[in-house]
Every structure is written in C-alpha cells, then in structure tokens.
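Architecture at a glance
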Amino acid sequence: MTAVATDHLIKPHGGVLVDRTGDRPDDVETLEVVTLTSRELSDLDMLASGALSPLEGFMGRTDYERVVEEMHLANGLPWALPVCLAVDAAPDGDRVALADDDGRLYAVLEVDEVYSYDKDREATQCFRTTDEEHPGVARLYAQKPLYLAGKVTVFERQTPDFPELAMDPAETRAAFAERGWKRVVGFQTRNPIHRAHEYLTKTALETVDGLLIHPLVGETKSDDVPAKTRVECYGVLVDGYYPADRVLVSAFPAAMRYAGPREAIWHAICRKNYGCSHFIVGRDHAGVGMYYGTYDAQLIFDEFEAHELDIEPMFFEHSFWCRACGSMASSKTCPHSSDQHVFLSGTKVREMLENGELPPVEFSRPEVAEVLIDAYRTA
Ligand SMILES: [Zn+2]
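In this report, we go over the structure that sits alongside the text. (Residues numbered from 1 in each chain as written. Predicted model: local features only at pLDDT ≥ 70, side-chain atom pairs only at ≥ 80, totals over all residues. Heavy atoms only, no water.)

1. Quick look at the packing of aromatic side chains
Counted by the stated rule, this structure contains eight aromatic pairs. Ring geometry for Tyr 115 versus Tyr 147: centroids 5.8 Å apart, planes at 65°, classification edge-to-face. Taken together, the positions of Tyr 115 in strand β6 (residues 113-116) and Tyr 147 in strand β7 (residues 146-154) put the pair 32 residues apart, joining distant regions of the chain. Each member of the pair Tyr 115 and Tyr 147 is classed as buried. Pairing Tyr 117 with Tyr 147 gives two aromatic rings, centres 3.6 Å apart and planes at 10°, and the pair type is stacked. Of this pair, Tyr 117 sits in the loop between β6 and α3 (119-127) while Tyr 147 is found in strand β7, placing the two residues 30 residues apart along the sequence. In terms of burial, Tyr 117 and Tyr 147 fall into one category: buried. It is Arg 179 that lies over the ring of Trp 181; its NZ or CZ is 5.5 Å from the centre. (Phe/Tyr/Trp six-rings, centres within 6.5 Å; stacked < 30°, edge-to-face > 60°. Helix = DSSP H or I, 4+ residues; strand = E, 2+ residues; numbered from the N terminus. Buried < 20%, exposed > 50% of the residue type's maximum accessible area, 1.4 Å probe, protein only. Lys NZ or Arg CZ within 6 Å of the ring centre and 35° of its normal.)

2. Regarding the side chain of Asp 45
Along the chain, Asp 45 falls in helix α1 (residues 38-49). Residue class for Asp 45 comes out buried when judged on its relative accessible area of 11%. Only 2.8 Å separates the side chain of Asp 45 from the side chain of Arg 157, close enough to count as a polar contact. Look past the residues within four positions of Asp 45 in its chain and what remains in contact with it is Arg 157 and Gln 158. (Polar contact = N/O pair within 3.5 Å; in protein donor to acceptor, adjacent residues only side chain to side chain. Contact = heavy atoms within 4.5 Å.)

3. Topic: the pairing of β7
By the bridge criterion, two bridges tie strand β2 (residues 57-58) to β7 in an arrangement that is antiparallel. Following the sheet pairing, Phe 58 is matched in β7 by Gly 150. Where strand β3 (residues 86-87) and β7 come together, two bridges link them in antiparallel fashion. Following the sheet pairing, Ala 86 is matched in β7 by Tyr 147. Sheet analysis places strand β5 (residues 105-110) next to β7, joined by three bridges and oriented antiparallel. Following the sheet pairing, Leu 109 is matched in β7 by Val 152. (Pairing = 2+ DSSP bridges.)

4. Things to note about the nonpolar core
Leu 44, Leu 52, Phe 58, Trp 79, Leu 98 and Trp 266 are the most contacted members of the largest nonpolar core, which totals 76 residues. Counting residues per element, this core draws most heavily on helix α8 (residues 261-273), which supplies six residues. Trp 266 has contacts with Asp 43, Met 46, Leu 52, Trp 79, Ala 80, Leu 81, Val 83, Ala 254 and Arg 257, leaving out every residue within four places of it along the chain. Of all hydrophobic cores here, the second largest spans 37 residues; its members include Leu 237, Ile 280, Met 314 and Val 368. (Core = buried A, V, L, I, M, F, W, Y, C linked by side-chain atoms within 4.5 Å.)

5. Here's the deal with the coordination of the zinc ion
Those protein atoms acting as donors to the zinc ion are Cys 322 (SG), Cys 325 (SG), Cys 334 (SG) and His 336 (ND1), and they sit at 2.1 to 2.3 Å. Seen from the zinc ion, its four donor atoms lie at angles of 104 to 116°, and the figure they make is tetrahedral. Between consecutive donor residues of the zinc ion, the sequence gaps follow C-x2-C-x8-C-x1-H. Linking Cys 322 in strand β13 (residues 319-322) with His 336 in the loop between β14 (327-330) and β15 (341-342), this pair joins segments that are 14 residues apart in sequence. (Donors = N, O, S within 2.8 Å, 3.2 Å for Na, K, Ca; no water. Tetrahedral: all angles 85-135°; square planar, octahedral: opposite > 155°, others 65-115°.)

6. Concerning the state of the cysteines
Counting across every chain of the model gives zero disulfides. Sulfur of Cys 126: no disulfide; nearest cysteine sulfur belongs to Cys 84 and is 9.1 Å away. (Disulfide = S-S within 2.5 Å.)

7. Some thoughts on the sheet that holds strand β11 (residues 278-281)
Taken in spatial order, the five strands line up as β10-β9-β8-β11-β12 in an open sheet, and their pairing is parallel. The sheet is open, and its two borders are formed by β10 (247-249) and β12 (312-315), each paired with just one other strand. In this sheet, adjacent strand axes meet at a mean angle of 25° when their direction is disregarded. For strand β8 (residues 184-189) and β11, the ladder comprises two bridges, and the chain directions are parallel. Its bridge partner being in β11, Val 185 is matched across the sheet by His 278. (Axes fitted to C-alpha atoms, helices over the stretch in contact; angles between N-to-C directions.)

Honestly, that's just the spatial picture; any functional story needs more than this.
Laid out in structure tokens, this is it:
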C-alpha cells in the first residue's frame, strides 16, 4: 500500500473505510456452511473491501426495515438497497462459514439474527413493481425465505474476472491521491461506451480533476454485452481518446440489481467509498425494460437532504452529434431539430455491427465498433 495521504479526498460513507478482511480461523472446516448466490458473493466481496462502508456484514432487521421503508440505515445514514443473505433455516451455531456453490470457503459470519421478510413489500419498495418479468424481482422471489444477519470476516477474496482492473476502494483512493486528484467523477456503465457516453464523461471531467470509468463486471442479464467485450472497448477508447493522467479504468465488482432509481443512489454511495466526489447519473440509470420513468433515477436524489449523501450527482441528458452545431450536444444545448441529429436505435446499431458495418463515426469511435464487430463475429 502506498504512503500517499488520501485525506483530501471525500470521506467514505460514515467516515471510515471498513476493512472486513482477516485471517482464516483454524476451526472453519468444522462450521456449518451457508452457500451464497453469485449476487451474495459479490456483496460479500464488497463488504470485505469497504465498498459497502459503513456495512460490516449482512444487514440485520432494523437496518433492513428502515432501508426498505425510508432509504436510511438505523443510524440515520442514507442507504438505498438491502444487502442481505437469504437462508432456508436458522443455523445451529453462532458462527457459519460462507461458501460458493463449489464449496470453496470465503468467510465466517458471526450470527447476529435470523429474520423473516416480506418479498412483496421489498419488491414494491425497492423495485417499484412485483412483476416477476423484472430480473431483480425474479431474483428476489427465487430467494430463500429468511435473512441471516451478522458481521463477516473474509479470509479468501474472490478471483476477479479482470485482475488487471481489480482495485479495492483503498487502492482507487491511493491512485487518486498519487495523481494529485481531489475532485473525481465516477462513471457507472454496463454498456460499451459510444460517443454519447464519451461526451458526458468528458463534459464532467472538464469540471473536476479526474475520471473513474467504473464498469460493472458482476452478474448482469444474459443479453447485456459480455463484460470481456466491454472491457476491451474501454481499453481502446481510453488509449485513443482520453489523457492517461486524467482517467482511471477499474472494475466495479457489484452484481446488477436493476432497481433503477434506488440503485442509482446505491451506486453513488459505493463510488463515494471508492473516493469519488461526483457521480454521473444519466437517464434511466440502472433501469430495465419500462419499469422506471426516464428521470426517476435523477429525481430520487431530491429525496435526500442537501449534502446528506455528500457525493454530488451530475445529471445528464441523452446526447448526440448535431450536424448544425457541428458537435456533440443534447436537448439542453442544441436548438436544432432532430433531423440534424445523428441518432441510431440500439437495435439498428446492433444490426449494423452484426453485419460487420461500422456505424457513423459521429455515433461510435471506429476502434470501439471494431471490437464489437469482432465480438459478434465470434459469438
Ligand atoms: Zn444543434
């Protein structure tokens, strides 16, 4: 770990960066084993690294209830989504071992409480729907019936899918400090970056010291572009079009919940732990299908007191190349009609890429399009 002071960066949520890593206990093989889903494993690793500070384990009932009802932890800090571990039955002992479905052990949990929860209520409050077509709701309804709460100590970190991009919050903070950044904007993405996203990240970067491109590489829906392809896209884009000393690309190990507005808050709080003072929130952030209004993920920030979150959201409109402006623009900055705008639907872009055609350069950087064409060709 570097010795560069990081005190000038934004404080972690709750003031202290949590570290729940620790030694493997001698008796771990004798403990009852709880098997985690891939979403729970992602959460466990983020608990270990402090990405979910101030949480030190899976949520107990008082935190859970207040988060579901009021988007705050019991101690009053903002928090938007449950971080819970679902089980079939209460364990016998006061400690359990946490494993993946291959039986590999990662952590010990000190059993604090086991409680029942109402799936319909959690779905309605957190996802704004009980429709089982919604991937987050489907996951919730498929869960085991009780929540097991308690502090975790993680002795085995998961093998990251992209080791070259794996950085814990302490490491991104050190990297920001080393570069002399104080104000850093975080960009969440689960898609390849086209010109529109390049434009908004650069517009944000004009006003701060550094940009963290923080793609989500945890579990996503099967029809999202695979993480490996996306990571390759970020590489060619950053190499060709961003100044190396102003941008850092690192992986965000969370699983996608598709909770739209609440997930935007949750994503912002996590990025604060990684050291970001600002966070980009586009239209329909973390949404899926037609479950959320276009601006819901931006409007939800108004439900918190000014400075309560500390991290500053930066809201963006859809952007496009405007032939009349001769530049990237959005409805906020361009007065021209849409026939001047280079717009392609997602379906159209995909069709072009599948046919090996490059979209217009005003829409997509050719280097990025070529990565996608290759990916479709080998798929
Ligand atoms: Zn224009």
